[in-house]
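Each chain, letter by letter, is given below.
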Amino acid sequence: MDKWLRNTNVVRVVALIISIFLWVVVHLDQKGVVGSSPIRERVETINNVAITTKYDESHYFISSMSPSNVQVVINGKESSVKKVTASNSYQIQLDLTQVGKGDHQLPLTPIGFPSDVEVQITPRTVHVVIEELQMKEVPVVINLKGTPAAGLKAGQPIVKPNKVYITAPTSKLSLIENVHGEVSVDKAQSAVTKQVRLQAFDKDGKEVAVNLNPTVVDVEVPITSPFQTIPLQLKLSGEPPKGFAISSVTQTPDKITVYGTQEEVDRLEFYQGPQINVQDIKETKDYTLDIPLRNKVTQLDPSKVTVHVEIVPSVTKAIENVPITIIGQNESYNTKVTLPDTGKLNITVEGAPALIDQLKTEDIQAILDVSNLPPGKHELKVALNLPTYVKLGMPQEVKATVEISEQAPKPTVSP
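What you see is a predicted model; the values in this text were computed from it and never measured.

S.K.: Could you give an account of unusual backbone geometry, naming the residues involved and the relevant values?
M.R.: The peptide bond linking Thr252 to Pro253 adopts the cis configuration, its omega dihedral lying at 5°. Tracing the backbone shows Pro253 in the loop between strand E20 (244-252) and strand E21 (255-260). That bond from Leu339 to Pro340 is cis: its omega, 0°, falls within 30 degrees of zero. Summarising the element assignment, Pro340 is placed in the loop between strand E27 (333-339) and strand E28 (344-351). One non-glycine residue, Asp280, lies in the positive phi region at around 65°. Residue placement: Asp280 occurs in the loop between strand E22 (271-277) and strand E23 (285-290).

This is the structure we're talking about:
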């Protein structure tokens, strides 16, 4: 090795090789510098970018925001700018978490942009009005649409729940007139069950966009025959034996719902219930009776009635000077009661003490019907109208004599 280094020719060759190597390295580096391009920048303008709001939606409402869209200009490396426009993962955010209700002018914040791009927002601030949300409970109204099958009628809708909560800003809450849904009963032959979406409306019938809880309710609409609720009337037959009287009769229910054809239902003013025989009853008694179906009535609700008949020892009372009322008289004849000559009756009545003690002469009617009778004297039966549960003190037929005569001709007046 030492011999080679001492050799002049060897040293010259090595020096030449090193020189050539250095020249190649420098030449390649210069080529690389000359052939490379400088880093390119790009400016991109994005119009109509929607503003994203950040706030407590359970307590506040944005009633207005101006503007709602902005222009965004981004400047940076071409690759970074292309990445922004391609991904569309950026936002222009309005942070309202630190402000309450009222008018505010607030700055916008770019979110989701690479750190190596410059973002310019126009305008940089927006005007926003925030309202506080209020809650109100309102009843649900169900509107029925259509007509059930022939002979049937839609009943009152059953709604679960029948009230909902409205959450809205005060300005909207005051506009709301009602909350309702709609159910079709057209051609229905049986109960209609449906889940119904609710909507809030103002007094003009326009929908108001508010938060409803719940937004959907369960509704059942009964489909029945036409019906109406009317008094239930009972009929008593017979009488307690002498020495006993009816003090009171109470029934449960006193009204029933009657179903049937529309014509039949509209015709009824009351419904005749069962008949109760009180013949020879000497003590208070309770009855539970079926209410019979009559004529074109198809259903009764309820179908039974409970009756309490109170029986007590009776008392008697003499009633004097009951005036006799004549009906059916002919205007061309004179009609007069001749017996009794006073035209008044004295009778004895019997009943429960509580009823008899309060009885007055004017509570009794004595009626004599002379319809179609010719002139002359006639002994007729007097019809007595006595208060309920009051009877004559002894079995008797009350009679009176009436005289019918022609009226004297009116004297003629000579001219």
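S.K.: Please set out the sheet that holds E21 residue by residue, giving values where relevant.
M.R.: Taken together, the four strands give an open sheet; going across it, the order is E22-E19-E21-E24, and neighbouring strands pair in mixed fashion. In this open sheet, the two strands that pair with only one neighbour each are E22 and strand E24 (297-301). Taking the axes of each pair of neighbouring strands and ignoring which way they run, one obtains an average angle of 40° across the sheet. The pairing of strand E19 (residues 227-237) with E22 spans five bridges and is parallel.

S.K.: Residues and numbers for the sheet that holds strand E25 (residues 304-313), please.
M.R.: Here three strands make up an open sheet; going across it, the order is E20-E25-E23 and the pairing antiparallel. Since the sheet does not close on itself, it has two edges, and those belong to E20 and E23, each with one partner. Here the strands of the sheet are splayed against their neighbours by 25° on average, with no regard to which way each runs. Bridge count between E20 and E25: eight bridges; the pairing is antiparallel. When the bridges of E25 are listed, Phe244 appears paired with Pro313.

Each value, and the rule that gives it
- Residues numbered from 1 in each chain as written.
- Predicted model: local features only at pLDDT ≥ 70, side-chain atom pairs only at ≥ 80, totals over all residues.
- Heavy atoms only, no water.
- Helix = DSSP H or I, 4+ residues; strand = E, 2+ residues; numbered from the N terminus.
- Pairing = 2+ DSSP bridges.
- Axes fitted to C-alpha atoms, helices over the stretch in contact; angles between N-to-C directions.

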